[in-house]
Amino acid sequence: TNEAGIQSPIRPVKVAFLYSKTGSHSFIEKEMRRGADLFISQSQGALPKIEIDFYDNQGTVTGTLAQLKKIKEKEISYIVGLSGSEEALTAAQFAEENDMIFLTPLATFSRISLGKKNTFQLSANDVLQGAALARFTHIDLKRTRVLVLINTRSIYSEGLAEGYQNALKGVQGVSIEK
């Protein structure tokens, strides 16, 4: 029953909020959790009712997969969260395979949502961030020689480096070294 006394036949929408409460991304994802808590407090009385369950992936791919299995067992179809690209890529693949909706507000690896019908990224991806860095390097800093260091254990680093290098390819007088 809503504030006007009208009973709604609509069932609550169940959402899983997947984040790193205790892991490597906890400092960033703590702010996402605060946003979710604010949303809950501000949406009281909304139709349909939204129920959010919180899941800690401990900042790992293994933890992400374990929590996704629990979410599926509870028959929750909507997943929100994750800032780490590796964890978000795992969640995106799981969501596609299990016909779930996944929304990541912060993960930027461009292939997280590429070719997927149920996965959505809210922040600028690595291609756009790389292009912005390239413009800054070439136009603002007026640099023509660039050394790109890549952490090959991080798809975020690889994706950002790829976006950066692709944006600088073909720019006259710019040389890139890896």
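Up top is the structure.
So, a few notes on the structure that sits alongside this text. As a convention, each chain's residues are numbered from 1 in the sequence order in which they are written. For a predicted model such as this one, the threshold for reporting local features is a pLDDT of at least 70, and the threshold for listing and counting side-chain atom pairs is 80 or more; totals across whole chains, interfaces and linings nevertheless cover every residue. As a rule here, side-chain values cover all heavy atoms of the structure and leave hydrogens and water aside.

1. Thoughts on the overall build of the protein chain
Next up, step 1: Put simply, DSSP marks the helices as runs of H or I at least four residues long and the strands as runs of E at least two long, and each gets a number from the N terminus on. For the protein chain, the count of helices and strands is five helices and seven strands.
Next up, step 2: Helices and strands in the protein chain line up, N terminus first, as β-α-β-α-β-α-β-β-α-β-α-β.
Next up, step 3: Here the C-alpha radius of gyration of the protein chain, 20 Å, is well above what a compact globule of 178 residues would show, namely 16 Å.
Next up, step 4: Each residue is placed in one exposure class: buried if its accessible area under a 1.4 Å probe, protein chains only, is under 20% of its type's maximum, exposed if it is over 50%, and partly exposed if it falls in between. Counting over 178 residues, the protein chain shows a buried share of 36%.
Next up, step 5: In the protein chain, 56% of the contacts between residues at least 6 apart in sequence involve partners at least 24 apart.
Next up, step 6: For the protein chain, the exposed surface amounts to about 10900 Å²; the carbon and sulfur share of it is 54%.
Next up, step 7: His is not counted, nor are the chain ends; Lys and Arg add positive charge and Asp and Glu add negative charge. By convention, charge coordinates are those of NZ in Lys, CZ in Arg, CG in Asp, or CD in Glu. When the 21 basic and 19 acidic side-chain charges of the protein chain are each reduced to a single mean position, those positions are 3 Å apart. Based on C-alpha atoms, the radius of gyration is set beside the globule rule, defined as 2.2 Å times the residue count to the power 0.38. Contacts are residue-level and defined by heavy atoms, with any inter-residue pair within 4.5 Å sufficient. Per-residue and other accessible areas follow the Shrake-Rupley method at a 1.4 Å probe size, with only the shown protein chains counted as cover for residues.

2. A look at the sheet that holds strand S5 (residues 119-121)
Next up, step 1: Two strands qualify as a pair provided DSSP detects at least 2 bridges between them. Taken in spatial order, the five strands line up as S2-S1-S3-S4-S5 in an open sheet, and their pairing is parallel. Single-partner strands in this sheet number two, and they are strand S2 (50-56) and S5. The average angle at which neighbouring strand axes cross in this sheet is 20°, direction not considered.
Next up, step 2: Two strands pair when backbone bridges link them, and strand S1 (residues 13-19) and strand S3 (residues 78-81) are joined in this way by four bridges, in the parallel orientation. Opposite Phe-17, over in S3, you have Val-80 as the bridge partner.
Next up, step 3: Axis definition: a line fitted to C-alpha atoms, over the contacting stretch in the case of helices. Angles run 0 to 180 degrees between N-to-C directions. The strands touched by helix H3 (residues 85-97) are strand S4 (101-104) and S5; relative to S4, the strand with the most contacts, the crossing angle is about 160°.

3. Side note on the pattern of salt bridges
Next up, step 1: For salt bridges, the criterion is a side-chain nitrogen of Lys or Arg within 4 Å of an Asp or Glu carboxyl oxygen. By the definition in use, this model includes five salt bridges.
Next up, step 2: Close ionic contact of Glu-31 with Arg-34 constitutes a salt bridge, the shortest N to O distance being 2.9 Å. Taken together, the residues span about one helical turn, with Glu-31 and Arg-34 both in helix H1 (residues 26-42) at a distance of three residues.
Next up, step 3: On the accessibility criterion, Glu-31 (41% relative accessible area) is partly exposed.
Next up, step 4: Judged by its relative accessible area of 54%, Arg-34 is exposed.
Next up, step 5: Note that Glu-162 and Arg-111 form a salt bridge whose closest N and O atoms lie 3.8 Å from each other. Taken together, the residues Glu-162 in helix H5 (residues 155-168) and Arg-111 in the loop between S4 and S5 connect sequence positions 51 residues apart.
Next up, step 6: A residue is classified by how much of its surface remains accessible, and Glu-162, at 37% relative accessible area, is partly exposed.

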